[in-house]
Amino acid sequence: LSLGAFDTTQPFNDDDIPFRLSLGERARTVAHVCRTGTLCTASEKHDGHPFGSHVDYVLNEHGEPVFLLANTATHTKNLRTNPKCSLFCQPVSNSGQGGGRCTLVGTLMPMNELECQEITDMYIDFHPHAAQALNVNGKFAFYKMVLDDIYFVGGFGVTATWVEPNKFAGSNPDPLAFDAAEIIQVMNREKKGDLETVIKAFTDVPDKIQQVDMMSLDRLGFDLRVRTEAGTKEYRIGFREKVGTRFDVQSALTKTLQEAWERLNGYEESWKDVSERPVVMYYQSAPRQ
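About the cut-offs
- Residues numbered from 1 in each chain as written.
- Predicted model: local features only at pLDDT ≥ 70, side-chain atom pairs only at ≥ 80, totals over all residues.
- Heavy atoms only, no water.
- Helix = DSSP H or I, 4+ residues; strand = E, 2+ residues; numbered from the N terminus.
- Buried < 20%, exposed > 50% of the residue type's maximum accessible area, 1.4 Å probe, protein only.
- Contact = heavy atoms within 4.5 Å.
- Areas by Shrake-Rupley, 256 points an atom, 1.4 Å probe, with all protein chains shown as cover.
- Pairing = 2+ DSSP bridges.
- Expected span 1.5 Å × (residues − 1).
- Salt bridge = Lys/Arg side-chain N within 4 Å of Asp/Glu carboxyl O.
- Phe/Tyr/Trp six-rings, centres within 6.5 Å; stacked < 30°, edge-to-face > 60°.
- Lys NZ or Arg CZ within 6 Å of the ring centre and 35° of its normal.

(A) Spatial organisation of the overall build of the protein chain. Looking only at helices and strands, the protein chain has eight helices and 12 strands in total. Counting only residues that meet the buried cut, the protein chain has 45% of its 289 residues in that class. Long-range pairs, those at least 24 residues apart, make up 62% of the contacts in the protein chain between residues at least 6 apart in sequence. Only carbon and sulfur atoms are counted for the fraction: they give 51% of the accessible area of the protein chain, which is about 15,300 Å².

(B) Quick look at unusual backbone geometry. You will see that Arg35, though not glycine, has its phi angle at about 70 degrees, which is positive. Examined against the element boundaries, Arg35 turns out to sit in the loop between helix H1 (23-34) and strand E1 (36-42). If you check the backbone angles, Asp47 has positive phi at about 55 degrees while not being a glycine.

(C) The pairing of strand E10 (residues 221-228), seen in detail. The element E10 is extensively covered by neighbouring structure, given that six of its eight residues are classed as buried. Both strand E9 (residues 209-218) and E10 contribute to a ladder of eight bridges, which runs antiparallel. Each bridged residue has a counterpart across the sheet, and for Val212 the counterpart in E10 is Val226. Hairpin connection between E9 and E10: a loop of two residues separates the two successive antiparallel strands.

(D) Fine view of the side chain of Ser171. Relative to the helices and strands, Ser171 is located in the loop between helix H5 (165-169) and helix H6 (180-190). A relative accessible area of 9% places Ser171 in the buried class. Filtering out sequence-adjacent residues up to four positions away, Ser171 remains in contact with Ser22, Gly24, Glu25 and Arg28.

(E) Quick peek at H1. Its 12 residues give H1 an end-to-end C-alpha distance of 17 Å, which sits within 8% of 16 Å, the value for a rise of 1.5 Å per residue. H1 sits mainly inside the fold: 11 of its 12 residues count as buried. The set of residues buried in H1 consists of Leu23, Gly24, Glu25, Arg26, Ala27, Arg28, Thr29, Val30, Ala31, Val33 and Cys34. Directly after H1, the chain includes Arg35, whose backbone phi takes a positive value near 70 degrees.

(F) Molecular detail of the pattern of salt bridges. Scanning the model with the defined rule gives 16 salt bridges in all. Put simply, Asp223 and Arg20 hold a salt bridge, and the shortest N to O gap is 2.6 Å. Placement of the pair is Asp223 in strand E10 and Arg20 in the segment before H1, with a sequence separation of 203 residues. The residues Asp223 and Arg20 share a single accessibility class, namely buried. The partner of Arg263 in a salt bridge is Glu259, and the shortest N-O contact between them spans 2.9 Å. A residue pair is termed a helical-turn pair when its members lie 3 or 4 positions apart in one helix, as Arg263 and Glu259 do in helix H8 (residues 246-264) at four residues. We classify Arg263 as partly exposed; its relative accessible area is 24%.

(G) Region of the structure containing the packing of aromatic side chains. For the structure on display, the rule yields five aromatic pairs. Seen from their ring centres, Phe222 and Phe239 are 5.9 Å apart, and the 50 degrees between their planes marks the pair as tilted. One end of the pair, Phe222, is in strand E10; the other, Phe239, is in the loop between strand E11 (231-238) and H8, and 17 residues separate them in sequence. The class for Phe239 is buried, based on a relative accessible area of 5%. For Arg20, the ring lying beneath its charged end belongs to Tyr282, and the centroid distance is 4.5 Å. In this structure, Arg28 packs its charged tip against the face of Phe168, placed 5.7 Å from the ring centre.

Dropping the structure here:
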């Protein structure tokens, strides 16, 4: 049910959608937000069968996951035999089939003394319990995953594709990473009518709207999924303003909703000298038979 990144039936591929984060940025943002995930190793006891276990982590400056692992843990024993592993990440705030997630594939390596010194403070900031573990000599050690590939899924029935490690490493997480999920929930719970107004004002959807939902939000704009009798479409609504904080995005959303209302209620003249609102229809599905 997932579409590949270069599905030629769609108007844009997933790394070519105007006013939207690149695949590298989207995957890096997911991994940045999570901080915990499922580490999959090859079981030493069960002849290489996949073995999944919960772990904490942080990303270093290169986007590589860094773990503090107990020497006696089963996953650590597995990794001594076979250092190849993967890490599944999905934010709790965006869980389920509709949420973005990624799988980082790579090889686990021990970290040298300088690398450990550089990462310790940041690791403890995000995982305070690690301070106690590090005071127990010889029981825990830092490891990093050198990335071979990244698999990113943007949600149910949309993006599902591999992301090149250099694009992941060279990307920065979106500045709204920790605020977006809460804002999306509020918009979908309290602003349904306003979202429908946005669709009516800025798109050419001719059919009666059955449902509209905000699917994602970042510094460049937001995605709306619209369902009608004719099928489902997804639109990227871009911001005109520079957005970098929660305050910025709340202001940009308010301006977008206000513009949509005014355009539908006879105040188009007040927008005649303003550049056109960036809107892109990037996905469409056929109606169910």
